[in-house]
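Chain by chain, the residues:
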Amino acid sequence: MTAIPAVDAKVLVVIKEKGRRGLSRLLKQNRCQTMSQLTAQYNAGPSTSVSEHTIHRTLLDMGLCSGCPARVPLLTKRHRQLRLQWAREHRDWTMDEWKRVAWSDEYRFLIHHVDGCVRIHCLPGEQLLPSCIAGHTQAGGGGIMLWGTFSWAALGPVVVVEQTMKAANYLNITADQLHHYMAFVFPTGNGIFQQENAPCHKARIVLEWFEEHTDEFHLMSWPPNSPDLNPMEHIWDVMEW
């Protein structure tokens, strides 16, 4: 996220401290709103009406950043250790071994994208707040969540997820869609299925199902907070553009 250059408040008309606090509250209510929308909200309050340019100058003076939301929070020391451990465990894998992996992920496609990301506004120190991280930021017009999988051999099914993914409907997907795909692509039972560490993936009923099918394919261990290691992200990028 790129910081907008600071503005010299001495030569520009900007909103004073009390108004800034109210402006900050309005900004946090919807970080995707335009300057004209934010100005209209501010002027609807008890403060003296100001122009859109004054709102913009004030936010710049407050250190406003604008850009695409952060993908994930910063990694903790434990996260880094687990990622390094995973990399070491797989560094000597051959191409044939990687060909046995079926990669998967869920992704929410937002409607009315303009340039591939929903732009958000945040003030200094707010970049990693939940409301400034991808997955928590919403765009007008709604969206659709999909689950998908693929491997070296073939693209897998894409499933529409109603609302949020929960353990029960994730179990239905693995039983109805993933099971048939793995049997088709890896008929000898040597396939490896990758999933991330979302709560629905780690639910007891889901892990029990995978345990019951270990003779048909294996479940890959996966480090936390590591979407950047998952090539499924590139499939979503192609679909989104």
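So, here's what we can say about the structure. For clarity, every value in this text was computed on a predicted model and none was experimentally measured.

Cut-off values and rules
- Residues numbered from 1 in each chain as written.
- Predicted model: local features only at pLDDT ≥ 70, side-chain atom pairs only at ≥ 80, totals over all residues.
- Heavy atoms only, no water.
- Salt bridge = Lys/Arg side-chain N within 4 Å of Asp/Glu carboxyl O.
- Helix = DSSP H or I, 4+ residues; strand = E, 2+ residues; numbered from the N terminus.
- Buried < 20%, exposed > 50% of the residue type's maximum accessible area, 1.4 Å probe, protein only.
- Pairing = 2+ DSSP bridges.
- Polar contact = N/O pair within 3.5 Å; in protein donor to acceptor, adjacent residues only side chain to side chain.
- Contact = heavy atoms within 4.5 Å.
- Expected span 1.5 Å × (residues − 1).
- Arc of directions from axis to C-beta.
- Axes fitted to C-alpha atoms, helices over the stretch in contact; angles between N-to-C directions.
- Parallel < 35°, antiparallel > 145°, perpendicular 65-115°, else oblique.
- Left-handed = near helix turned anticlockwise from the far one by under 90°.
- Nonpolar A, V, L, I, M, F, W, Y, C, P; charged D, E, K, R; others polar.

## A closer look at the pattern of salt bridges
Then, in step 1: Under the definition given, this model contains three salt bridges.
Then, in step 2: Between Asp-61 and Arg-20 there is a salt bridge; the shortest N-O distance is 2.5 Å. Placement of the pair is Asp-61 in helix 3 (residues 52–61) and Arg-20 in helix 1 (residues 17–29), with a sequence separation of 41 residues.
Then, in step 3: Given the relative accessible area of 24%, Asp-61 is considered partly exposed.

## Describing the pairing of strand 6 (residues 155–161)
Then, in step 1: Inspection of the sheet shows strand 5 (residues 143–151) paired to strand 6 by five bridges, in the antiparallel sense. Its bridge partner lying in strand 6, Met-145 is registered against Val-161.
Then, in step 2: Joining the antiparallel neighbours strand 5 and strand 6 is a turn of three residues.

## What about the side chain of Gln-195?
Then, in step 1: With respect to the element layout, Gln-195 can be found in the loop between strand 7 (191–193) and helix 7 (204–212).
Then, in step 2: A polar atom in the side chain of Gln-195 sits 2.5 Å from the side chain of Tyr-170.
Then, in step 3: Polar contacts involving the side chain of Gln-195 include one to the main-chain carbonyl oxygen of His-201, which spans 3.3 Å.
Then, in step 4: In this view, Gln-195 contacts Ser-104, Tyr-170, His-201, Phe-210, Leu-219 and Trp-222; residues no more than four positions away in its chain are not counted.

## Let's talk about the side chain of Ser-104
Then, in step 1: Checked against the element boundaries, Ser-104 lands in strand 3 (residues 101–110).
Then, in step 2: Within the local environment of Ser-104, its side chain forms a polar contact with the backbone oxygen of Gln-194, the two atoms lying 2.7 Å apart.
Then, in step 3: Ignoring sequence-local partners within four residues, the contact set of Ser-104 consists of Trp-147, Gly-148, Thr-149, Phe-193, Gln-194, Gln-195, Asn-230 and Met-232.

## What about the pairing of strand 5?
Then, in step 1: The element strand 5 is extensively covered by neighbouring structure, given that seven of its nine residues are classed as buried.
Then, in step 2: Direction of pairing for strand 3 relative to strand 5: antiparallel, over a ladder of nine bridges. By the bridge assignment for strand 5, Trp-103 is matched with Phe-150.

## Overview of helix 1
Then, in step 1: Taking 1.5 Å of rise per residue, 13 residues should cover 18 Å, and helix 1 covers 19 Å from first to last C-alpha, within 8% of that figure.
Then, in step 2: Of the residues making up helix 1, those classed as buried are Gly-19, Arg-20, Gly-22, Leu-23, Ser-24, Leu-26 and Leu-27.

## Observations concerning helix 4 (residues 77–90)
Then, in step 1: Along its 14 residues, helix 4 runs 20 Å from first to last C-alpha, staying within 8% of the 20 Å computed at 1.5 Å per residue.
Then, in step 2: Within the sequence span of helix 4, burial applies to His-79, Arg-83, Trp-86 and His-90. Buried residues in helix 4, looked at end-on, bunch into an arc of 60 degrees, giving them a common side. Exposed side chains of helix 4 directed beyond 90 degrees from the buried face belong to Lys-77, Arg-78 and Arg-88.

## As for the packing of helix 6 (residues 167–185) against helix 7
Then, in step 1: Interaxial distance between helix 6 and helix 7 falls to 9 Å at its minimum, and their mutual angle equals 20 degrees. Here helix 7 runs roughly parallel to helix 6, going by the angle between their axes. Judged by the sense of rotation from one axis to the other, the crossing of helix 6 with helix 7 is right-handed. Between helix 6 and helix 7, the contacting residues are Ala-167, Ala-168, Tyr-170, Leu-171, Thr-174, Ala-175, Leu-178 and His-179 on the first element and Ile-205, Val-206, Trp-209 and Phe-210 on the second.
Then, in step 2: The residue makeup of the contact of helix 6 with helix 7, split by class, is ten nonpolar, two polar and no charged.

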